[in-house]
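Chains, contacts and geometry: an overview
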Amino acid sequence: MLQCAPSEDQCWTEFRLSDLPVSAVLPEVLAALKQAPQVLLAAPTGAGKSTWLPLRLLQQGGFAGRIIMLEPRRLAARNVAQRLAEQLGEEPGGQVGYRMRGESRSGPATRLEVVTEGILTRMLQQDPMLEGVSLVILDEFHERSLQADLALALLLDVQQGLRDDLRLLIMSATLDNARLSARLPDAPLIASEGRSFPVERRYASLPPQLRFDEAVAREVAQLLRAESGSLLLFLPGVSEIERVKNQLASRVDDDTELCPLYGALPLAAQRRAILPAPVGKRKVVLATNIAETSLTIDGIRLVVDSALERAARFDVRSGVTRLQTQRVSQASMTQRAGRAGRLSPGICLHLIGREQAERAAAQSEPEILQSDLSALWLDLLQWGCRDVAQLSWIDTPPAPALQAAQTLLRTLGAIDGEGRLTAKGRAMAALGSEPRLAALLTAAQDNDALATAARLAAILEEPPRQGSRNLSDHLFTAHAGWQQRARQLQKRLNGAGGSVDAALAPALLAQAFPDRIARRRGDSGRYQLAGGSGAMLDHDDALTRHEWLIAPQLLQTDAQAEARMLLALPVDIAALQREVPALVRSETDVEWDEEKGTLRAWQRDKIGVLALKSAPLAKPEAEVLHPAMLRWIREKGLATLNWTPQAVQLRLRLQCAAQWLPEERWPAMDDDTLLDTLESWLLPEMNGVRDMRGLRQINLISALLHLLTWSQRQRLDSALPTHYTVPTGSRLPIRYDSEKPPALAVRLQEMFGEAQNPAIADGRVPLVLELLSPAQRPLQITRDLAAFWQGAYPQVQKEMKGRYPKHAWPDDPASASPTRRTKKYAAPQ
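Thresholds, definitions, all that
Residues numbered from 1 in each chain as written. Predicted model: local features only at pLDDT ≥ 70, side-chain atom pairs only at ≥ 80, totals over all residues. Heavy atoms only, no water. Helix = DSSP H or I, 4+ residues; strand = E, 2+ residues; numbered from the N terminus. Expected span 1.5 Å × (residues − 1). Buried < 20%, exposed > 50% of the residue type's maximum accessible area, 1.4 Å probe, protein only. Contact = heavy atoms within 4.5 Å. Core = buried A, V, L, I, M, F, W, Y, C linked by side-chain atoms within 4.5 Å. Domains from an automatic or database assignment. Axes fitted to C-alpha atoms, helices over the stretch in contact; angles between N-to-C directions. Parallel < 35°, antiparallel > 145°, perpendicular 65-115°, else oblique. Left-handed = near helix turned anticlockwise from the far one by under 90°. pLDDT = per-residue confidence, 0-100. Pairing = 2+ DSSP bridges. Phe/Tyr/Trp six-rings, centres within 6.5 Å; stacked < 30°, edge-to-face > 60°. Nonpolar A, V, L, I, M, F, W, Y, C, P; charged D, E, K, R; others polar. Salt bridge = Lys/Arg side-chain N within 4 Å of Asp/Glu carboxyl O.

**Looking at helix H9 (residues 238-249)**
- Compared with the 16 Å implied by 1.5 Å per residue over 12 residues, the 16 Å span of H9 between its first and last C-alpha is a close match.
- For H9, the complete set of buried residues consists of Val238, Glu240, Ile241, Val244, Gln247 and Leu248.
- Where H9 is buried, its residues meet helix H8 (212-226), strand E10 (230-234), strand E11 (256-261), strand E12 (282-287) and strand E14 (308-314).

Next comes the structure, spelled out in structure tokens:
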């Protein structure tokens, strides 16, 4: 038995924990870990997998080294470590410890360490062998955090190449067993039964005429009046928590405490929400989805689920993360409902119609498919991996997000033109910080600059939720967390002393956020970002009096067309140019002159898309003018070119070829790809082009053919011809379409003698025959000519004989001679 402090409560807790449901599968887990490198454990909420099982593995697993457990959330990691330590009669830092960004409670005696965020990744980067570690546990893996997916990929790589003795336990309440088992086919899957009490699940749609916060508060108050016990309310975000809390304040009794719970709360407020309500009181915990798993919130019998969550989605074009309010998955609803049955029979009210709930996605979308991947790509390069296919992923990182990550890292100077880590990139990767913040820290050249950069990074890691949006107002705030984190960052960079200097901040930030330099447009608080997108401030914000800002913290929501600046800093643009001259590039631009109806060329000094100085160019050289024209086309779109019907058909044929003849490597024909590759196909046709007229005269058929090899041209013409020769010898055009089958409009009599339906693409795709009357009017549409001759043709024949008596209408059209003429001129049969 584990040692237990002599407190009666703690001894009772030890007895209660030893009786948890996961204890029934402990022998099976121990046996599996002795035999298999990876083990999957599915255990419902409350089974004890996080707060009981790790200690038993430490005690009975026979592991010579430490156990590392990855928790995806900081609040959960701290809470889990606290509960594990309490069972040993200790505080965290003894046998059980934890580590997270800016906080560590581990010591020489620590054998079970709970880590979060990028800590495990940093451990692997610093020591790929994971010396002294025997077991790594990935807890709550169903949340599919970006760090958990990366950790799994790296750990599998370590197991395959370095440590066949390292064991990996992947556990969750709702494992996506099919996907995990497909990636880890040899990993045993162990399922633990839950011990939760029955939960009555109710459904109710909110009335549309009420505001969300008012409608939710009304449902919560009604349930509190009808039922006993404390209540857990799931809301999508902090703003909703505050509004609903204000609504509930006047609707609940004095004996009811309202306790918010979200990651940015101070530790004391978090503990207040988690601990039992005082004697004689009940509590309402208003939480984000942080309370779905890992956290044990005592005393909950009632759950109200808004069925909403706030999900972060990275926009690869703007480089801004959008917060999107969306319906939760069915797995999340199940998790939330399970919170009501931990101690006794409970009730869960889902604020959504039953049918809507049943139509929700089965699982939440993994972060790796919707996140900024610049940190992940920097980690992979540091690992020595330049191709994601070299590692095993449950979901492969998407190519567009990886491309955006590479573009950002190149802008920050972390990688060179060939995608390899630079000396600066290696220094950035070694810091373990988010790439922009790592660039900020490595830009500091002396102690004052480092002190300033460290303070800025600390603020941006944990930004203020209230107060001024002017970043300079927070630089000298006596915030203990920022001060402590800044000291840690300085120490990591071997810096000492130095003083924060607000005058250094703009140049430091500009080297980490060059695309976030912003110039005011108009007087409504709207700004243009150097990266090309727009951003805004409230029109009465004091920052709007500044023409130039740099905005390191942006946020875009569903309700906003432009990102909102959450933190910004005024910039003296002339001083910034002197201090960071590499920001400014000289470029030739072209623009359309409405009055003269032609393109004009300008020489401009620019930061991103923001022009600092402009001068007209009379006759620029082609080497300067043509790249400017290509940039202009990219900005305006492909519609600026002269797309003749023939050129459109060639593009459609190539799109169809990629679909019907996939064995060939056909060039992509979508707008984005064509705009990205203008230098390959359009530029060779621009000889002598100096104006809009010349641009419109470019033969796009000839241009597009630059993308094809000679053999591909031959293959395209033979397999997907522009025309089809019908039995009369007429050469008729085939009409290609991106969404419909290829079609051939032909007079019915010219198809006499054709027994089978013509096809293209080596016979794989039958043509749609639009059969016409002698007057070129539609008679029939078919993709099966033989069936038409035998089926519908006799009725058509009867009708046509009456309408066109001078034309031949044979009884056996499949073997008759085709004709374009009337009987008088028809060839004898």
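Further notes follow.
**A look at the nonpolar core**
- Of all hydrophobic cores here, the largest spans 95 residues; its most connected members are Leu120, Val136, Leu138, Leu380 and Ile517.
- Among the domains, domain 1 (19-191) and domain 3 (433-577) are the pair contributing at least three residues each to this core.
- Ignoring any residue separated from it by four or fewer positions in sequence, one finds Leu120 in contact with Ile68, Leu70, Val115, Val136, Leu138, Ala151 and Leu155.
- With 64 residues, the next largest nonpolar core counts Leu641, Leu652, Cys656 and Leu785 among its residues.

**So, the packing of H8 against H9**
- Where H8 contacts H9, the two axes come as close as 9 Å, and the packing angle between them is 55°. Compared by their axis directions, H8 and H9 come out oblique. Crossing hand, H8 versus H9: right-handed. Of the residues in H9, those touching H8 at Phe212, Asp213, Glu214, Val216, Ala217, Val220 and Ala221 are Glu240, Arg243, Val244, Gln247 and Leu248.

**As for the confidence of the model for the protein chain**
- Looking at the protein chain as a whole, its pLDDT mean stands at 89, while 94% of the residues score no less than 70.
- This model gives residues 1-17 a pLDDT under 50, and the stretch forms 24 contacts once residues within four places in sequence are excluded.
- Predicted confidence for residues 824-829 stays below pLDDT 50, and this span has 0 contacts to residues more than four positions away or in other chains.

**Quick notes on the sheet that holds strand E31 (residues 778-782)**
- One open sheet holds the 5 strands; their spatial order is E25-E26-E27-E30-E31, and the pairing between them is mixed. Strands with a single pairing partner mark the edges of an open sheet, and in this sheet they are strand E25 (723-725) and E31. Each adjacent strand pair in this sheet contributes to an overall mean axis angle of 30°, direction not counted.
- Relative to strand E27 (residues 743-747), strand E26 (residues 731-735) is paired through 2 bridges, and the arrangement is antiparallel. Each residue of the ladder has a partner; that of Arg735, found in E27, is Ala743.

**Examining the packing of aromatic side chains**
- Considering all chains together, one arrives at 4 aromatic pairs under this definition.
- With a centroid separation of 6.1 Å and 50° between ring planes, the pair formed by Phe752 and Trp789 is classed as tilted. With Phe752 in the loop between E27 and strand E28 (759-760) and Trp789 in helix H28 (residues 785-790), this pair connects stretches of sequence that are 37 residues apart.
- You can call Trp789 buried: its relative accessible area is 6%.

**Remarks on unusual backbone geometry**
- Within the chain, Leu130 stands out as a residue other than glycine whose phi angle is a positive 50°.
- With respect to the helices and strands, the residue Leu130 is situated in the loop between helix H5 (119-126) and strand E6 (133-138).
- Of note, the phi angle at Ala761 is positive, near 55°, even though the residue is not glycine.
- Mapped onto the fold, Ala761 is located in the loop between E28 and strand E29 (765-766).

**Digging into the packing of helix H4 (residues 74-87) against helix H10 (residues 267-274)**
- It is at 12 Å that the axes of H4 and H10 come closest, and there the two elements cross at 65°. It follows from the interaxial angle that H4 and H10 lie roughly perpendicular. In this structure, the crossing between H4 and H10 has a hand that is right-handed. In this structure, H4 contributes Leu75, Arg78, Asn79, Gln82 and Glu86 to the contact, and H10 contributes Leu267, Gln270, Arg271 and Ile274.
- Of the residues that constitute the contact of H4 with H10, the class distribution is 3 nonpolar, 3 polar and 3 charged.

**Some words on the sheet that holds E6**
- Taking strand neighbours across the sheet as the criterion, the 8 strands line up as E4-E3-E5-E2-E6-E7-E1-E8 in an open arrangement whose pairing is mixed. Only two strands of the sheet have a single neighbouring strand rather than two, namely strand E4 (103-105) and strand E8 (189-191). Neighbour-to-neighbour, the strand axes of this sheet turn through a mean angle of 20°, independent of strand direction.
- By the bridge criterion, 5 bridges tie strand E1 (residues 38-42) to strand E7 (residues 167-172) in an arrangement that is parallel. Its bridge partner being in E7, Leu41 is matched across the sheet by Met171.
- Each of E1, strand E2 (66-71), strand E3 (96-100), strand E5 (112-116), E6 and E7 touches helix H3 (residues 53-60); the most contacted strand, E2, lies at about 165° to it.

**Considering the pattern of salt bridges**
- Counting across every chain of the model gives 45 salt bridges.
- A salt bridge links Glu103 to Arg78; the shortest N-O distance between them is 2.8 Å. Remark: Arg78 occurs in helix H4 and Glu103 occurs in strand E4; sequence separation between them is 25 residues.
- A relative accessible area of 24% places Glu103 in the partly exposed class.
- By relative accessible area, Arg78 is classed as buried at 14%.
- Among the salt bridges present, the one from Glu663 reaches Arg715, with a minimum N-O distance of 3.1 Å. Of this pair, Glu663 sits in the loop between helix H22 (645-660) and helix H23 (671-676) while Arg715 is found in helix H27 (residues 710-719), placing the two residues 52 residues apart along the sequence.
- Judged by relative accessible area, which is 46%, Glu663 ranks as partly exposed.
- For Arg715, a relative accessible area of 18% gives the class buried.

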